[in-house]
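# Breakdown of the fold
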Amino acid sequence: MKMDIKTYNVIAQQGLDVFPTEKYTVNQSQKPTALLIRSQDMHKTHFGTNVLAIARAGAGVNNIPLIEAANNGTVVFNTPGSNANAVKELIIALLVLAVRPVVPAAAWAKKVVGADVSLQTEKGKNHFAGTEIQGKTLGVIGLGNVGSRVAQAAANLGMRVIGYDPYISVEHAWKVSNQLPRAEKLAQLLPKCDFVTIHIPYTDKNRDLITAKELALMKDQAILFNYSRWGIVNEDDVVVALNQKHLRKYVTDFSSNKIVGHPKIMITPHIGGTTQEAETNGAVMAAQTLRKYLETGNIVNSVNFPTVEMPFESPVRMTMIHQNVPNMVGRITTILANDDINIDNMINKSRGQFAYTVIDIGQQPAEQLETLQKELLEIPEVIRVRVLKNEF
Ligand SMILES: NC(=O)c1ccc[n+]([C@@H]2O[C@H](COP(=O)([O-])OP(=O)(O)OC[C@H]3O[C@@H](n4cnc5c(N)ncnc54)[C@H](O)[C@@H]3O)[C@@H](O)[C@H]2O)c1
Ligand SMILES: O=C(O)[C@H](O)COP(=O)(O)O
């Protein structure tokens with residue numbers, strides 16, 4: 001039977017082309033095998049136990065209930081870095097647009113008409129003087145895929161850059177230049193910066209990271225950019241800081257009733273990752289990750305399960321999603337031993353309260369595999385058991 005992939009949001013065709021039609025259908029079943037999504041709010045969208053995996057083409061996964069999905073036996077993936085360049089380029093453009101009145105100048109120039117249009121337009125330039133970003137200080141909160149690129153690009157343009165990321169991964173720590181000054185605390189970064197840009201995930205910990213207290217620490221007339229998510233910046237406090245003429249501008253990808261229409265707030269409609277290149281990268285990466293998991297059980301780029309990669313060399317593979325409690329491997333292998341099944345290869349890894357075990361075995365009659373699957377599912381802590389046939 002073919003596996004069905006259900007899509008939500010706009011998914012680039014190049015991503016859908018990753019699924020060969022001999023094995024997959026797209027949006028053809030009421031009970032899809034997996035979901036391929038972008039910002040669809042999965043907290044409000046029901047997905048059944050038929051859903052083995054959800055791939056988010058993009059970075060942010062606050063739209064997906066990760067623990068509930070794991071308890072449902074659903075592995076969730078994202079596509080780290082797939083749209084980071086798109087966001088980087090936009091932030092650089094917005095930094096310039098925040099200090100050069102390009103948009104109002106162009107709007108004004110459009111309205112100048114008449115025989116002496118060239119002269120009149122030229123005369124108007126004095127009303128549209130700006131400043132430069134070179135030599136100014138940019139604070140970058142979060143030095144992951146987006147933040148590290150923004151920091152490097154801004155430094156290349158002659159800005160002084162200060163980074164802040166107390167949780168930086170080893171991978172990103174290597175990517176960020178060791179010349180980049182880092183703040184140990186947010187309170188050290190904020191008073192030094194003319195611009196502050198935020199590139200962190202929305203989590204419970206990061207809710208209201210920027211409130212009146214942090215805004216008060218910012219330099220007078222500083223400009224704040226939020227291209228991360230709603231909720232990280234307290235909008236009531238931002239409006240107060242703008243009205244008190246302390247903060248100069250707030251530039252964000254996320255609109256709301258609290259900020260829309262404010263003269264010092266520039267809002268874009270969540271377009272940070274909306275370029276053809278980023279949409280293609282994300283869709284292809286998500287689709288490839290899904291295929292790998294569906295066909296081999298291997299997990300890469302998951303946000304609720306550990307990375308588990310083992311070459312699929314035996315005729316049959318059993319994968320088990322279970323709670324991370326003692327003696328699971330013992331109980332699983334005892335069932336196999338009782339059924340007289342020899343293990344060719346196995347791996348077990350955990351992440352938080354969940355774990356994943358992969359066991360490769362020789363060819364077995366279909367009925368025996370069915371019985372084995374049932375027996376393994378009888379272990380109360382086992383959430384899902386899959387049996388995969390090696391097709392290569
Ligand atoms: N506007 C858009 O279209 C758009 C596009 C891409 C990403 N995003 C948002 O930006 C976020 C970051 O994207 P990314 O690809 O760089 O993710 P990433 O996972 O590569 O990097 C996030 C970084 O933030 C750091 N971090 C977490 N909490 C922090 C905190 N309190 N202070 C400082 N650093 C902290 C982490 O250690 C990590 O290095 C995403 O989660 C998403 O919400 C938005
Ligand atoms: O987290 C992300 O990757 C961005 O916010 C992009 O979201 P989108 O795929 O809905 O444009």
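Everything numeric here is computed off the predicted structure, so don't read it as measured data.

### Notes on the sheet that holds strand 14 (residues 354-361)
Taken together, the four strands give an open sheet; going across it, the order is 13-14-12-15, and neighbouring strands pair in antiparallel fashion. Each of the sheet's edge strands pairs with one partner strand only, and the pair in question is strand 13 (343-351) and strand 15 (382-389). Between one strand and the next, the sheet's axes are offset by a mean angle of 15°, whatever the strand orientation. When strand 12 (residues 316-323) meets strand 14, the two strands line up antiparallel, connected through eight bridges. Bridged to His-322 within strand 14 is Ala-355. Most of the contacts of helix 12 (residues 328-338) go to strand 14, to which it runs at about 30°, and overall it touches strand 12, strand 13 and strand 14.

### Here we look at the sheet that holds strand 7 (residues 160-164)
Read across the open sheet, the six strands follow the order 7-6-8-9-10-11; overall the sheet is parallel. Of all strands in the sheet, those with a lone pairing partner are strand 7 and strand 11 (265-267), marking the two edges. Across this sheet, the average inter-strand angle for adjacent strands is 15°, counted without regard to direction. Alignment of strand 10 (residues 249-252) against strand 11, held across three bridges, turns out to be parallel. Note on strand 11: the bridge partner recorded for Thr-252 is Ile-267.

Thresholds applied
Residues numbered from 1 in each chain as written. Chains lettered and ligands numbered in written order. Predicted model: local features only at pLDDT ≥ 70, side-chain atom pairs only at ≥ 80, totals over all residues. Pairing = 2+ DSSP bridges. Helix = DSSP H or I, 4+ residues; strand = E, 2+ residues; numbered from the N terminus. Axes fitted to C-alpha atoms, helices over the stretch in contact; angles between N-to-C directions. Contact = placed C-beta atoms within 7 Å.

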